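Each chain, letter by letter, is given below.
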Amino acid sequence: MDAQVCKNGLELGSIRSGENFQDSKLISVIEENESRNDNDLQDSERENENRHDGDLQDSELISVIEERENASRHDDDLQDSELISVIEERENEIRNDDELLGKEMAEEETTKHEKPFWFCRFVTTYPIMSFILGVSGHLFIGAVTIILLLVGFDVFPTNFETLPMELRDSPWLARYRAYQNRFNFKHPVHRYVKGDYIPTWIRGNEGMRIELIYDTHGKNIFTKEHLQTIASIEKKVDSIPEYSDISYNTNETKVELNYLLAKDFKISPSFVSSSLTRSEFPLGWPISNDFNEDIAAKIVRSKQVKYLKPVFEEIIKTKDFDVTYFSLSLFEHDVAEQAIKDLYLAGGSVIFIFCYMWFHTSSLWITVWSVISILSSFLATNLFYRVILDFRYFGFFHVLSLFIILGIGADDLFVFYDFWRATGLTSYPSLAHRLSSAYRKSTLSMFVTSVTTMAAFASTALTPLLATKSFGIFSAVLIIIDYISVIIFFPTIVIFYHVKIKKCCTNFCSCCLKNTKESTQITDNLIDNDFCQNEVTETVVKKQPGMLVRFFRDKYFKFVTHGKIRWILISGFAVLVLFMLISCSRLKPDNEQIQFFKKNHNYGKAANYRANSFLPDAIDYPLSLTLLWGLKEQDLSSCHFSDVKCKGTVHFDDNFDPNSVEAQKSYQKLCDKLYNMSEEESRRLKVKRHLLTNKPVMHCFAKNLNEFLKLDTQVTGLDTSLPWDYNKTRDFVKMRSPLIYNITGMDLTSVPVLDIAISFWLYNRFLMNQTKDYKFFNGLIGEQEGPYSTSIIPVPNVKVGNKIKSLSIELILTINPLTTGFKDGITLVEAWEDFMIEQKSTMPASLQGGFQVGWKVWHWFYVQRVLYENAIMGILLGLGLTTIILLISIQNIITSLLASVTIVMVTICVIGVIPLLGWKLGVLVSLNMCLVVGLSVDYVVHLAEGYTMSKHKDRKSRVQDSLETMATSVYSGACTTLGASVFMLFSQIIFFFQFGIFRFFTIGFSILFSLGLFITLMGTIGPENDTGDIKAIFRKVRNFVLNRGTHCVET
């Protein structure tokens, strides 16, 4: 029996032809058979001994022994048949493997002898020429950029001071622009009264201001010691000689009490407490007699930067409490300056990627030219973007694309070079054949990832917001140009290195070959002097793959396909995704305005203090709603689509006429309705109510004007209350002629009657003293000198009978524009729009052109909604395009589905990180959410491509092939991108910092899920044979249809 077992084992060893594969079932059967034979042998020996001693001569015992021997023989026969069956099964599997190996070898031979791609033939035939052409193209791009700069062309229209997040097609932006230009017409009337005129002395008008904010973190700032410290700080600033050159030249003190108090204040007749307070240092204008606004702004900024900022930097080191400073002029300067500093971090990213590429390729030559190619792609993209597409904006987001392309370009290099290195393990008829083999495989894989990434960026171009639209287009073009550069220039770099640089290294420095990961040798009898003949045969010298390749192919493969470990991995990833899905549900829109600096930065803290820490006052952020007549919505059609400085063209409503009796009555009715608004209506429309009168806080001219005229009626006895007509105007003017009006120079039948009343009211009976009404309404009524304008006798410079060009009603709202979300905000906007439509329905035709506007806050609410919708749409569009592209490229439904599911899980995890970091759905987060699909798809696609390109039929062998061919490139690409992202974490500009964090987690989850989950799923439920193959399904459907048709014809 032992001999038979040995014979069977030898036959199996012969069949395996020295292979190391061990079948577990076969070993189990053999061991069990040997164990039983040993037991039988021991029993037989004991029985013989007993028989020899004469102790067991009983016939019954002999019978039992015989039965046992028969049973043993029967068991042996069963075990032999089972063993033979297993051997036959293994023989069949071996024959199938041999057939597959034969097919693979045949296909490989066919591929190797296929005619090389024409580009590969050209590169290998003329390596020097092709390399010089590639270098020349990159130098040409740089030369064109330099020439355009020298001739004065704005090649890089950088703007780091603003972020153009405007909806050009939105009526709210057009209305806000119109509101800003409500006095922008010819021959405007400028009203001046005592105490409200442009001072003749230098810096007599208050301009911008500088703030110092003091924070005790919950303690009382109004202690004697703290106040003494604050006084010394203020004295230190006032003593700066250069500050007196730009400060507001006045002795007035106008700061309100609310301006000084934090929200946690406590006050009594003998005690005041607040954790924060602040000092104000107003600036003045004009700063010279020959005043020019642009020049003055530059002078003020330069003096602040040079003289004031160093003092502020010293002040913030105060130990008694925290000090933060804010100046709009300094802020704009520091944003632009810090953006340039943060750009230097891109240099660190370049250095890191350079070092890693050098380590991966073991070639300084390939690394240097590859990095130059990537950076040159950025310049080429900018030329296309600036000259061809005619974009005139280059901002923060465009800088981010430089970090993006560094990682993508490095990833493409790794893919191409690893395919090239893999071809070095096989003999090819010529160098052109070898290059063609690597070129076909790598360009397809890079094309799929480039298209999906480009599609993700292009999806952001659908937004109407210039900042994200221009960035999406720029980045999409950059991906395309980089791909073209990779497939054209990279092969020339590698071939030139292979046939020229490496040759020199071999001849003059043999040690160089020791540092080369893959080395090939050209057959001596076929080599010419130039190393460029297509007849050259590539002979393999070193067949051992790299250490990292062997790790993924062997050890890691066994890990992810292990029977128990793979289910643990799948369960772990499921728990992680579930946790992140719960975190995603906590993501909320960011209601605050765009921030430029981190929260721990001086300006970040100042912005938070000013928005959330102090009591509302008339200086900080009052939000007023304006009901405006006399203008049309601003015409923005004349603006270039990417001009961030264009404000459009103002158009006035020629039909507007508030002088008719019907119009005046309509205004009176509207003012009464607003003033008598119920508390419930005030809450719905967010109208602020006065603390003492409990009436809405508003400035409605018809109400105040009528009250003023009624008082005048009590004095004169002449009814001057609204509405006015020509008769009332005539009587009013004649009563005050000739003391005030020169009646002989007035056409009382055509004069704008309402302006006569308004002028008498605002100038306070022409006493020319400033009143409370003047302060509130002077900026709400715009007048233009017209044919009926006449001067008054007491003050000839004052004219009456002017044409009213614009007229506004203003209400103060209770909402905080910095913290109100777009959902609540848009609800409020629509409520006011409905209110305005209802009121205009009862007004005469001359007032039908009026509209309501909530400064730029109304527009910002809709911008927030667009950002939110773009984030959702970007993800859905990216996933949809990715799935379609995967189906087209991979052509397998199951593989594409598993890849798409993996990308969805990566997306969920990345989004789930946002609430965990304390972020909300703001501008940059919205943009990043649109890009997460494009940035996370690369690694999954590479592994899916490797699985699909495998010649094996079973899933485990395909997984092993995928890991062997693609895992190294995927791993290296992730390392470079993660390393490049780390440098962005040191940025002070929040756009760069958040993008670095976002990209780090995106790439981290991508590599984790691709090499962890996706490859495990493919090894567990991945398609085998032709399962899920689109071509196979199409063939089956076609055959079914043809057979069905044939059957019908026969019937």
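Structure's up top.
Only a predicted model underlies this, so the values are computations on that prediction, with no experimental measurement involved. (Residues numbered from 1 in each chain as written. Predicted model: local features only at pLDDT ≥ 70, side-chain atom pairs only at ≥ 80, totals over all residues. Heavy atoms only, no water.)

A.B. asks: I'm lost on the state of the cysteines in this one. Help?
C.D. replies: Among covalent bonds in proteins, the disulfide is the one between the sulfur atoms of two cysteines. Counted under the stated rule, the structure contains two disulfides. One disulfide in the model links cysteine 639 with cysteine 646; its S-S distance is 2.0 Å. Negative torsions about the S-S bond denote left-handed disulfides, and the value of about -70° found for cysteine 639 with cysteine 646 makes this one left-handed. Two residues share a disulfide in this structure: cysteine 671 and cysteine 700, whose sulfurs sit 1.6 Å from each other. One quick way to see it: the torsion about the S-S bond of cysteine 671 and cysteine 700 is about -65°, and its sign makes the bridge left-handed. Of this pair, cysteine 671 sits in helix α18 (residues 661–675) while cysteine 700 sits in the loop between β9 (698–699) and α20 (701–716), and the two are 29 residues apart along the sequence. (Disulfide = S-S within 2.5 Å. Helix = DSSP H or I, 4+ residues; strand = E, 2+ residues; numbered from the N terminus.)

A.B. asks: Honestly, the pattern of salt bridges in this entry has me stumped. Any pointers?
C.D. replies: Close approach of charged atoms lets side chains of opposite charge pair. On inspection of all chains with the given rule, the structure shows 24 salt bridges. Its salt-bridge partner being glutamate 166, residue arginine 177 comes within 2.5 Å of it at the nearest N-O pair. Placement of arginine 177 in helix α6 (residues 171–180) and of glutamate 166 in the loop between α5 (127–150) and α6 is noted, with a sequence separation of eleven residues between them. A relative accessible area of 3% places arginine 177 in the buried class. Residue class for glutamate 166 comes out buried when judged on its relative accessible area of 14%. Between lysine 309 and aspartate 334 there is a salt bridge, with the nearest N and O atoms lying 2.9 Å from each other. Of the two residues, lysine 309 is situated in helix α9 (residues 293–315) and aspartate 334 in helix α10 (residues 328–361); the sequence distance between them amounts to 25 residues. In terms of burial, lysine 309 and aspartate 334 fall into one category: buried. Taken together, the shared-partner salt bridges in this structure form one network comprising Glu166, Arg168, Arg177 and Lys856. (Salt bridge = Lys/Arg side-chain N within 4 Å of Asp/Glu carboxyl O. Buried < 20%, exposed > 50% of the residue type's maximum accessible area, 1.4 Å probe, protein only.)

A.B. asks: Sorry, what's going on with the packing of aromatic side chains here?
C.D. replies: The description of an aromatic ring pair uses the distance of the two centres, along with the angle that the planes make with each other. All chains considered together, the criterion is met by 59 aromatic pairs. Ring geometry for tyrosine 385 versus phenylalanine 474: centroids 5.1 Å apart, planes at 85°, classification edge-to-face. Here phenylalanine 474 lies in helix α14 (residues 466–508) and tyrosine 385 lies in helix α11 (residues 364–388), a separation of 89 residues in the sequence. Taken as a pair, tyrosine 385 and phenylalanine 474 share a single burial class, namely buried. Plain terms: the ring middles of phenylalanine 551 and tyrosine 556 are 6.2 Å apart, the flat faces sit at 40° to each other, and that makes the pair tilted. By the ring-pair criterion, three or more aromatic residues cluster together here, those being Phe156, Phe378, Tyr385, Phe391, Phe394, Phe474 and Phe641. The ring of tryptophan 172 carries arginine 175 above its face, with NZ or CZ at 4.6 Å from the centroid. (Phe/Tyr/Trp six-rings, centres within 6.5 Å; stacked < 30°, edge-to-face > 60°. Lys NZ or Arg CZ within 6 Å of the ring centre and 35° of its normal.)

A.B. asks: Looking at this structure, how should I read the nonpolar core?
C.D. replies: A general feature of soluble globular proteins is that nonpolar side chains tend to end up buried together. Of all hydrophobic cores here, the largest spans 244 residues; its most connected members are Phe396, Phe397, Tyr741, Trp832 and Trp858. For this core, the element with the most residues is α14, which contributes 21 residues. Look past the residues within four positions of tyrosine 741 in its chain and what remains in contact with it is Phe732, Val733, Arg736, Met746, Ile756, Phe760, Phe766, Ile792, Ile793 and Val800. (Core = buried A, V, L, I, M, F, W, Y, C linked by side-chain atoms within 4.5 Å. Contact = heavy atoms within 4.5 Å.)

A.B. asks: Explain the environment of glycine 472 here, please?
C.D. replies: Mapped onto the secondary structure, glycine 472 falls in helix α14. For glycine 472, a relative accessible area of 0% gives the class buried. Once the C-alpha coordinates of glycine 472 and leucine 931 are considered, the two residues, 459 residues apart in sequence, prove to be 9.2 Å apart.

Read these as geometric descriptors, not functional statements.
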